[in-house]
Amino acid sequence: MSSAQAATLLYACGLTRDPIFVPWLASAVLTGKWNERKLSDVARGRAALALAMTSDPVAIATLEKVIR
């Protein structure tokens, strides 16, 4: 899977607003990796947007770590 495809998939996970995706999205945002593959800056940004869309308390804490 290319980084562009990963970006699309990660963003789609956020569009569902389902908290089940929060651990995967948080990991992608914090590590910059998804399935052991390095994400591009665009894909990592899409993961951050997707994480914010979930409005989960874990998402808020994760995004705060990235911003700081």
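Quick note: structure is the one above.
What counts as what
- Residues numbered from 1 in each chain as written.
- Predicted model: local features only at pLDDT ≥ 70, side-chain atom pairs only at ≥ 80, totals over all residues.
- Heavy atoms only, no water.
- Salt bridge = Lys/Arg side-chain N within 4 Å of Asp/Glu carboxyl O.
- Buried < 20%, exposed > 50% of the residue type's maximum accessible area, 1.4 Å probe, protein only.
- Helix = DSSP H or I, 4+ residues; strand = E, 2+ residues; numbered from the N terminus.
- Expected span 1.5 Å × (residues − 1).
- Arc of directions from axis to C-beta.
- Contact = heavy atoms within 4.5 Å.
- Polar contact = N/O pair within 3.5 Å; in protein donor to acceptor, adjacent residues only side chain to side chain.
- Axes fitted to C-alpha atoms, helices over the stretch in contact; angles between N-to-C directions.
- Left-handed = near helix turned anticlockwise from the far one by under 90°.
- Nonpolar A, V, L, I, M, F, W, Y, C, P; charged D, E, K, R; others polar.

Chemist: With reference to specific residues and values, describe the pattern of salt bridges.
Modeler: For the structure shown, the criterion picks out one salt bridge. Where Arg68 meets Glu64, a salt bridge forms, and the shortest distance between an N and an O atom there is 2.9 Å. For Glu64, a relative accessible area of 39% gives the class partly exposed.

Chemist: Could you give an account of helix α3 (residues 41-54), with specific residues and numbers?
Modeler: Over its 14 residues, α3 extends 20 Å from the first C-alpha to the last, a length consistent with the 20 Å expected when each residue adds 1.5 Å. When α3 is considered as a whole, its buried residues turn out to be Ala43, Ala47, Ala50, Leu51, Met53 and Thr54. All buried residues of α3 project into a common sector of 155° when viewed along the axis, lining one side. What points out from α3, more than 90 degrees from its buried face, is the exposed set Asp41 and Val42. On its buried face, α3 is in contact with α1 (3-15), α2 (22-31) and α4 (57-67). Immediately downstream of α3, the backbone of Ser55 shows phi near 60°, a positive value.

Chemist: Account for the side chain of Asp56, with residues named and values stated.
Modeler: Within the fold, Asp56 resides in the loop between α3 and α4. Within the structure, Asp56 has its side chain in polar contact with the backbone nitrogen of Val58 (distance 2.9 Å). In this view, Asp56 contacts Pro19 and Val22; residues no more than four positions away in its chain are not counted.

Chemist: Go over the packing of α3 against α4 with me, naming the residues and quoting the values.
Modeler: Where α3 contacts α4, the axes come no closer than 8 Å and their chain directions differ by 140°. With respect to the hand of their crossing, α3 and α4 are arranged in left-handed fashion. Judged by residue contacts, Ala48, Leu51, Ala52 and Thr54 of α3 engage Ala59, Thr62 and Leu63 from α4. Taken together, the residues that form the contact of α3 with α4 break down as five nonpolar, two polar and no charged.

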